[in-house]
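Geometric and topological summary
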Amino acid sequence: MARFDRIPRTRSQPDADSTDLAPVRSGCSRRTVLGLLASGILATVQTTAVAGQDQETYWTVVAIPDTQFYAASTDLASYATDQTDWIVDNLDSESIQFVTHEGDLVDDGGSEQEWDRIDATMSTLDGAVPYSVLPGNHDWAVTNDKSSSTANYTEYFGQSRFEDRSWYGGAGPGDDGRNSYQLFSAGGYDFLHLALEWEPAGTASEPSTPLGWAQSIIDEYPDRPTIVTTHSYLRDDGGRTSSVQDRSDDANTGEAVWQELIEPNPQIFMVLNGHWHETDGENHQVSTNRADLPVYEIVADYQDRANGGNGWVRLLQFVPGGGREAADRIRVRSYSPSLDEYETDSDSEFTFDLDFDSRFSSREDGSEQISFQQGSDGYSGTVDTTLAEAEPNQSFNTAGGVTVDTQEPHSTDNRTQALLRFNDIIGNDDGQVSPGTTIESATLTVETTDEGDGGVGHRMLTDWNGEDTWVSLDGGIEPDGNEATTDPEFETGEISTGTTSIDVTQSVQQWINGEPNYGWAVLPLGDNGWDFATSNSDTPPKLTISYDPDADNSSDQSERISLQQGSDGYSATVDTNLRENEPEQSFSTAESVTIDTQDPHSTNNEAQALIRFDNLIGDGGQQLPPDAIVEDATLTVETINDGDGGAVHRILTDWSGEDTWTSLDGGIQADGNEATTDPEFETGEVPEGSTSIDVTRSVQQWADGAQNDGWAVLPLGDDGWDFMTSNSDTPPQLTVSYVSEKQQSEQ
């Protein structure tokens, strides 16, 4: 799990509670903080408070309830502006990691004037913090009628507003942006957030509906603890909603959402909503899901209060080590930036005690995840093609898409089928799943380019290749128990354009258990053809497997090494800048590096940083033994100029400190050849001071035999991030906790 740890800053205003809370500005979990303190990395964290009390750290999610009356009136608009201004002004002091709007952005969904007002207000958050919005019943052109238009919502808050944000996952079903998901990290955990429209329709088994789409996203990210925000779910006068308000009846009650989506998915731990103001607009309850785990359900809507709500927001403060009944605590507070007041009655301020590590770390100890996608990290084993009855001798192995249809061309009886296989996924080499491994989940993700009736997937039982045709396979594939399994492995239902996630755990487990991997035949479900992109496209299919490698990672046998230039005789750190503006210049002796998309400012010249710790792997003192199990690896750098931060990619080719922008052919490309396509981690915005980053995944790969070529730090924005190099008085430090192969055999 990627983690970006920062030193917390002390709050400017003390908490009204008896325990003083100091926010932590990103992901330091309680156990991470304690571990780093033990190693001296976070020695500057304050651990005492006024009145002799222990000082605790926290991070915050902000929930903004219905803003409809603020948007409807120039006299009240300032209350919404106060909310977003306060959030941005207090990102550090409150360690705000995510913001979610609970719907009803406006009062009249047909009024462009109201949309202009709320757009200006919410724009304050753009580029400052990850956030989500969703349409409430007033955000349709006709209130309480989903058959009316959400064109204004889509224009102002659709996908185009967010698609360039790294934390924005996407929207669906369709492209109206009414339902979306976001990915953010905080407290040492990677979270999934789902923003679902008012009374989301459908069932979890229908990917073309909001609930089915939401289930597909959960299936795609099975290991992320999840928060769901919707508009109408829990009533402020008690219980989930039991009847719908949508006049078109294309809707679900809160109880139906619970039964279809929330209760069956143990990773969902919180549901937030607005809308209800029958009493004082506040209520909360704790429900138990099918895994016997708590789900925290919270409603807030202050629109019936004075001035359309007086600007009240909900602050969800996650407090590591702050619990009484359990190790940690989620503390909910109600605060008005306009009034500068907290509301402290039992519905306005309350807590949930839980163990963050137990509830948020959904993978069991030793669990790993691996992905296979054509062109990513050197993988090239995907084979896919279409079998077309109307073109029986034509091979489609180089096509950019496949079609699954019962009538192709339309109004004929000619079928098309798709074949798909991921070769070389099972084995004992690096980047493979070992034979006999027990997997937790396997998800096939494809990019749907034309919506349709979908397909049914059968596990292939006979071999084939990309050159095969309808004729060469004797009239396509039959699910007869000989060519393909009789019973399907999956059935999609109707499919919308965009990302489509499919559970293929059953198939992959059978291949791991020894069955030949011939992939899948995807057969059509109807005459409205479904098209998705192939391995020849820019968005190839992806197979993601979560599994248990069955390794005993007992921490009582762990050892630790720490590498830092000039410390304990270590002198093998190599780091440098690659600067497009000075393409021939070597920066091997510079005391700092810059990561920026505009260096100098207002140009398009990029600056990248390279860093490597040589002599890391070996059997000597202060070396990491080959084949060791890495429990934790942390890279710590001294940030001297805060900025947008960087995306860190593991380098796949050799380089030296003397290299330049030109000698490396225009810097480093994250293309799967020079560096990994997917980043090992992204820092987000970085404040000045000590910056600690989780690099466990990279170091484990080097311990397993991959070549250690270090990292390329590529910019995330035009606000440059500078940190000190190995030539400075505060050089980078790499700290690794591990269990050696010998220790593993003794356990």
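Here is a short report on the structure shown in this document. Keep in mind the model is a prediction, meaning the values are calculated, not measured.

Bringing the side chain of Asp 236 into the picture now. Relative to the assigned elements, Asp 236 resides in the loop between strand S9 (226-229) and helix H8 (254-262). Although Asp 236 is buried, it makes no salt bridge; Arg 235 carries the closest opposite charge, 5.8 Å away. Of note is the side chain of Asp 236, whose polar atom sits 2.9 Å from the backbone nitrogen of Glu 278. Engagement of the side chain of Asp 236 in a polar contact is seen with the backbone nitrogen of Gly 281, the distance being 3.0 Å. Not counting residues up to four positions away in its chain, the partners in contact with Asp 236 are Trp 276, His 277, Glu 278, Thr 279, Asp 280, Gly 281, Glu 282, Asn 283 and Val 299.

Take the pattern of salt bridges next. In the structure shown here, the tally under the stated rule is 21 salt bridges. Where Asp 599 meets Arg 579, a salt bridge forms, and the shortest distance between an N and an O atom there is 2.9 Å. Taken as a pair, Asp 599 in the loop between strand S30 (592-595) and strand S31 (607-613) and Arg 579 in strand S29 (residues 573-579) lie far apart in primary sequence, 20 residues in all. Like Asp 599, the residue Arg 579 is buried in the burial classification. What emerges from the salt-bridge pattern is a single network uniting Lys 146, Asp 176, Arg 178 and Glu 197.

As a further point, take the sheet that holds strand S25 (residues 520-524). Here five strands make up an open sheet; going across it, the order is S18-S20-S25-S22-S23 and the pairing antiparallel. Each end of this open sheet is capped by a strand with a single partner; those strands are strand S18 (382-388) and strand S23 (490-491).

This part is about the pairing of strand S10 (residues 268-273). Within S10, six of the six residues are buried, which leaves the element mostly enclosed by the surrounding structure. Both S9 and S10 contribute to a ladder of four bridges, which runs parallel. Directly across from Thr 226, in S10, lies its bridge partner Ile 268. With H8 bridging S9 and the parallel S10, this β-α-β connection has right-handed handedness. As judged from the four bridges shared by S10 and strand S12 (residues 294-300), these two strands associate in the parallel manner. Looking at S12, one finds that Met 270 is bridged to Tyr 296.

The rules behind each value
- Residues numbered from 1 in each chain as written.
- Predicted model: local features only at pLDDT ≥ 70, side-chain atom pairs only at ≥ 80, totals over all residues.
- Heavy atoms only, no water.
- Helix = DSSP H or I, 4+ residues; strand = E, 2+ residues; numbered from the N terminus.
- Buried < 20%, exposed > 50% of the residue type's maximum accessible area, 1.4 Å probe, protein only.
- Lys, Arg positive; Asp, Glu negative; His and termini not counted.
- Salt bridge = Lys/Arg side-chain N within 4 Å of Asp/Glu carboxyl O.
- Polar contact = N/O pair within 3.5 Å; in protein donor to acceptor, adjacent residues only side chain to side chain.
- Contact = heavy atoms within 4.5 Å.
- Pairing = 2+ DSSP bridges.
- Right-handed = clockwise from strand over helix to strand, strands pointing away.

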